[in-house]
Amino acid sequence: MVIDFHTHIFPKAIRENREAYFSSEPAFKLLYSLPGSKLVGAQEIVAAMDRQGVDKSVIFGFPWKHSQTFIKHNDYVLEAVARYPKRLIGLCCLDPFSRDAVTEVLRCLEGGLSGIGELAFYQSGIDDSTLDKLAPLMQICRDKDLPVLIHTNEPVGHTYPGKTPHTLKQIYDLIKKFPENAIVLAHWGGGIFFFALLKKEVKESLGNVYFDTAASPFLYAPEIYRYAKDIVGLDKILFGSDFPLINPARYFQELDMSGLSKTEIESICGLNAAQLFKL
């Protein structure tokens, strides 16, 4: 089974009129005002899955600032999961700073979504106030034994739209504050897993942390799969494409070049996610 843990879908109203949201949603403008930035719907992602050999995809929206927008977007994710229950797994996405965050998470999880994500703080760091706002949402997922997917990125190297100003320490503070949550750090956790080589504390702190591979072909050499396996364990790596940014096929090519065995690749490409979702 191949499970793509990191994909984005948007309802038709947003796909066909994205410019209407730019003035009130600066983070959305930052990511999706560039020429060539793609927005797809549920039908398009399922068709792409059929073409590229993906059995299931984890879908989610965008962390809109305005609650009426993230509610409508989550409605679309709920509808997509109901339409393709054997193909799509949905996460609830929102702005944790919204006063409607807790009620929206409860609504979405009771409606059939399978966790929270991708939470992203594109214009700020993951500071103490962010951790405070995350706390009730993390509690809900901890009680329900559901994962939380959080956007992270490497703090050095080239800049690009969506590269946030948070630090490795902030990512680590997040992990330390919520040690009992199943946390998935997008984009290889910004490379924080490398610090599991330290002799004290870090490896134990990463006990409930997973790392998805979203955007890996743009960021890391294929050897990262082998290094991550050796440092944090094969079971902590989740294939995520960031579709439609990158097609899954490109990851499959890199995995073939990574030096991992077929069995190890199968674990990354689906078995680990299946276990996390208890499929």
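This text follows the structure it describes.
Here the structure is a predicted model, which is why all the values come from computation and not from measurement.

A.B. asks: Outline the overall build of the protein chain, listing residues and values.
C.D. replies: When you go through the protein chain residue by residue, the secondary structure sums to 12 helices and eight strands. Taken along its principal axes, the extent of the C-alpha atoms in the protein chain is 45 × 45 × 35 Å. In the protein chain, which comprises 279 residues, the share counted as buried stands at 58%. Summed over its atoms, the accessible surface of the protein chain is roughly 12300 Å², and 53% of this surface lies on carbon and sulfur atoms. Positive and negative side-chain charges in the protein chain, numbering 30 and 33 respectively, have mean positions lying 1 Å apart.

A.B. asks: Explain helix 3 (residues 42–52) residue by residue, including any values.
C.D. replies: Inspection of helix 3 places A42, I45, V46, A48, M49 and Q52 among the buried residues, and these make up the whole buried set. Around the axis of helix 3, the buried residues are gathered within 160° of arc, so they sit on the same side. Turned more than 90 degrees off the buried face of helix 3, the exposed positions are Q43, D50 and R51. On its buried face, helix 3 is in contact with strand 1 (3–8), strand 2 (56–60), helix 4 (67–83), strand 3 (88–90) and helix 11 (248–256). Directly beyond the C-terminal end of helix 3, a positive phi value near 75° is found at G53.

A.B. asks: I'd like a description of the environment of A273, backed by residues and values.
C.D. replies: Topologically, A273 is positioned in helix 12 (residues 262–276). Each C-alpha atom, one on A273 and one on D4, is 8.5 Å from the other, the two residues being 269 residues apart in sequence. For A273, the residues in contact, after removing those within four places along its chain, are I3, F5 and L238.

A.B. asks: Tell me about the sheet that holds strand 5 (residues 148–150), residues and numbers included.
C.D. replies: Strand order in this open sheet of five strands is 4-5-6-7-8, and the pairing throughout is parallel. If you trace the sheet from one side to the other, it starts and ends with strand 4 (116–119) and strand 8 (237–238), each paired once. Judged from the two bridges that link them, strand 7 (residues 209–212) and strand 8 form a sheet pairing that is parallel. Following the sheet pairing, F211 is matched in strand 8 by I237. Each of strand 4, strand 5 and strand 6 (183–185) touches helix 6 (residues 128–144); the most contacted strand, strand 4, lies at about 140° to it.

Conventions adopted
- Residues numbered from 1 in each chain as written.
- Predicted model: local features only at pLDDT ≥ 70, side-chain atom pairs only at ≥ 80, totals over all residues.
- Heavy atoms only, no water.
- Helix = DSSP H or I, 4+ residues; strand = E, 2+ residues; numbered from the N terminus.
- Buried < 20%, exposed > 50% of the residue type's maximum accessible area, 1.4 Å probe, protein only.
- Areas by Shrake-Rupley, 256 points an atom, 1.4 Å probe, with all protein chains shown as cover.
- Lys, Arg positive; Asp, Glu negative; His and termini not counted.
- Charge placed at Lys NZ, Arg CZ, Asp CG, Glu CD.
- Arc of directions from axis to C-beta.
- Contact = heavy atoms within 4.5 Å.
- Pairing = 2+ DSSP bridges.
- Axes fitted to C-alpha atoms, helices over the stretch in contact; angles between N-to-C directions.

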